[in-house]
Amino acid sequence: MSVAVELQKLLEVAAGFRTVPLLLTTDQDGRPRASAVGVTWEGEVATIRAGHRSVANAEQRQLVSLLWPAPPDERFALFVDGVVEATRPDPAESGPKAGGFVTMRATKGVLHVVDRPH
């Protein structure tokens, strides 16, 4: 079961999660990639602090998602689909594996029920 989250309420819903968000991107060979990230919101636009590979993937393939796994005592995980508007390096880092930032505009938010073992 899934429950749509209005984009205007996304910030409030995401702030209520007690889990680390994951950025979901796709590698060049089509393989999915999930990486723990930091996220800040300004309306429907998320600024995501991510590693070098996730930033490169987002730059090449602009359809990405964020996932907040369900906390251990909760029934819902939060999925947010979005489109990358920009990527940029982190000026505080240097080198070939320096991380950066992904700016993503949310297009859809869903709370999804996670089955729990009995």
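This text goes with the structure placed above it.
Residues numbered from 1 in each chain as written. Predicted model: local features only at pLDDT ≥ 70, side-chain atom pairs only at ≥ 80, totals over all residues. Heavy atoms only, no water.

Visitor: It is not clear to me how the pattern of salt bridges should be interpreted in this structure. Could you clarify?
Guide: Proximity of charged atoms lets side chains of opposite charge pair with each other. Counting across every chain of the model gives six salt bridges. A salt bridge links Arg 49 to Asp 90; the shortest N-O distance between them is 3.2 Å. Note that Arg 49 is positioned in strand S5 (residues 45-50) and Asp 90 in the loop between strand S7 (76-89) and strand S8 (100-113), a separation of 41 residues in sequence. (Salt bridge = Lys/Arg side-chain N within 4 Å of Asp/Glu carboxyl O. Helix = DSSP H or I, 4+ residues; strand = E, 2+ residues; numbered from the N terminus.)

Visitor: Just to check I follow, could you spell out the side chain of Thr 25 for this structure?
Guide: The residue Thr 25 is located in strand S2 (residues 22-26) in this model. Looking at Thr 25, its side chain comes within polar contact range of the side chain of Asn 57, at 3.1 Å. With residues near it in sequence (within four places) discarded, Thr 25 still touches Arg 31, Pro 32, Arg 33, Ser 54, Asn 57, Ala 58 and Val 64. (Polar contact = N/O pair within 3.5 Å; in protein donor to acceptor, adjacent residues only side chain to side chain. Contact = heavy atoms within 4.5 Å.)

Visitor: Help me understand the environment of Pro 71 in this model?
Guide: Among the structural elements, Pro 71 can be located in the loop between strand S6 (63-68) and S7. Pro 71 gets classed as buried once you look at its relative accessible area, which sits at 3%. Residues Pro 71 and Phe 17, 54 residues apart in the sequence, show an inter-C-alpha distance of 7.2 Å. (Buried < 20%, exposed > 50% of the residue type's maximum accessible area, 1.4 Å probe, protein only.)

Visitor: Would you take a moment to explain the nonpolar core for this structure?
Guide: Looking at soluble globular proteins, one finds that nonpolar side chains tend to be buried together. In terms of nonpolar packing, the biggest core is built from 23 residues, with Trp 41, Ile 48, Leu 66, Val 80 and Met 104 touching the most fellow members. Those elements that provide at least two residues to this core are helix H1 (10-15), S5, helix H2 (52-60), S6, S7 and S8. Look past the residues within four positions of Trp 41 in its chain and what remains in contact with it is Leu 10, Leu 11, Ala 14, Ala 46, Leu 66, Trp 68, Val 80, Met 104 and Ala 106. (Core = buried A, V, L, I, M, F, W, Y, C linked by side-chain atoms within 4.5 Å.)

Visitor: Would you mind going over the pairing of S6 with me for this structure?
Guide: Remember that side chains alternate between the two faces of the sheet whenever the strand is regular. Along S6, five of the six residues are buried, which leaves the element largely enclosed by surrounding structure. Sheet topology note: the S2/S6 ladder contains three bridges and is antiparallel. For Leu 24, the partnering residue across the bridge sits in S6 and is Ser 65. Bridge count between S6 and S7: six bridges; the pairing is antiparallel. When the bridges of S7 are listed, Trp 68 appears paired with Leu 78. (Pairing = 2+ DSSP bridges.)

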